[in-house]
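Analysis of the macromolecular model
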Amino acid sequence: MSVPSGAQDDDGIGELKLPGISSYATPHSDAQLAVPDGNVTLSAHLTEGGEDISRGMVWRVFRPEPDADGKLPLIASAQGGTTSFELEPGSYLVHASYGRAGATKRISVGRQPQRESFVLDAGGLKLDAVAVGGGRIPPAKLRFAIYEGDGDSPGERPLILPNVQPNTVVRLNSGTYHIVSTYGSVNAIIRSDIRVEAGKLTEATVEHHAAEVTLKLVREAGGEAIADTSWSVLNEAGEQVNESVGAFAPMVLADGDYTVIAKNRDRIYQTDFKVEPGRNREIEVVASEASAVDPEAAD
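Presented here is an overview of the structure given in this document.

What counts as what
- Residues numbered from 1 in each chain as written.
- Predicted model: local features only at pLDDT ≥ 70, side-chain atom pairs only at ≥ 80, totals over all residues.
- Heavy atoms only, no water.
- Pairing = 2+ DSSP bridges.
- Helix = DSSP H or I, 4+ residues; strand = E, 2+ residues; numbered from the N terminus.
- Axes fitted to C-alpha atoms, helices over the stretch in contact; angles between N-to-C directions.
- Buried < 20%, exposed > 50% of the residue type's maximum accessible area, 1.4 Å probe, protein only.
- Contact = heavy atoms within 4.5 Å.
- Polar contact = N/O pair within 3.5 Å; in protein donor to acceptor, adjacent residues only side chain to side chain.
- Salt bridge = Lys/Arg side-chain N within 4 Å of Asp/Glu carboxyl O.

1. Looking at the sheet that holds strand β5 (residues 90–98)
On the basis of which strands lie adjacent, the open sheet formed by four strands has the order β3-β2-β5-β6 and antiparallel pairing. Each edge of the sheet is formed by a strand with only one pairing partner; in this case those strands are β3 (74–80) and β6 (101–109). Direction aside, neighbouring strands of the sheet carry axes that sit 15° apart on average. Pairing between strand β2 (residues 57–62) and β5: six bridges, direction antiparallel. Each residue of the ladder has a partner; that of F62, found in β5, is L93.

2. What to know about the environment of E116
Along the polypeptide, E116 turns up in strand β7 (residues 114–119). E116 gets classed as buried once you look at its relative accessible area, which sits at 16%. Along the sequence, E116 and A44 sit 72 residues apart, while their C-alpha atoms lie 8.6 Å from each other. What E116 contacts, discounting residues up to four positions off in sequence, is V40, T41, L42, S43, K105 and I107. Looking at E116, its side chain comes within polar contact range of the side chain of K105, at 3.2 Å.

3. As for the pattern of salt bridges
Following the criterion strictly, the structure yields nine salt bridges and no others. A salt bridge links E197 to K200, with the shortest nitrogen-to-oxygen separation between them at 3.2 Å. You can call E197 partly exposed: its relative accessible area is 39%. Residue class for K200 comes out partly exposed when judged on its relative accessible area of 48%. Between K274 and D257 there is a salt bridge; the shortest N-O distance is 3.4 Å. With K274 in strand β20 (residues 267–275) and D257 in strand β19 (residues 256–264), the pair connects residues that are 17 residues apart, well separated along the chain. The class for D257 is partly exposed, based on a relative accessible area of 32%. When salt bridges that share partners are traced, they join K216, E282 and E284 into one network.

Here it is, written out as structure tokens:
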């Protein structure tokens, strides 16, 4: 578990290497340690001076010294808003998480009740996408991925959260994030950098220059689709962007020029087509001599 961006850095915490959330030592008991004179109350705020977060928090208390396996022992945990623990006097590391936002702080517990406050410096991000002209995109065909904003290229940016559904509020530390919006599963992809501000909900909508097309092989224009057809779609550079098998080949494609190759039994047919942004349509490949391709030439 690395200290998230914006986390508090008291007493050199930034130099500590915390384990992943799945790598801490399992506590021996779910019960809190019953030491009446070691009570500590923990609260968290999105911004300095803000109201207490009343729900959605996850609190984890660790001993700061690794065990024999090199893991920080988990002493106690709780969910909700403001919470209290009864701990033996001593030093602890407390990690407070709110969605994907979080902060880590070293605390010292004595025999007198005390309060510790965490400032998460966090906000919310809500993402959506539309087709050109404001056309609605079915939510089931949209996904977002959130990456850290740092990195020379998208491939070097650490992934924070994949497969985010549209209009879902994601809690993040304040900062700039790289967002990848995918419409369908082929090549309709939009990338953008979005800044999240502490204490605010940032709503962002991107516009996809793409369209939904359905390919079908027919014996004559307007005819029935021929079953057991193999499909291959090439972009303008001749690169294959999608392949499938079936009477119909539905897909979402970015705007541009394409070539579709349809193979049925021992016959191959080829047609060029254009995808216009926001224009969903059926594209027929007519099984005629005009569209037929020599199988040896296709290979």
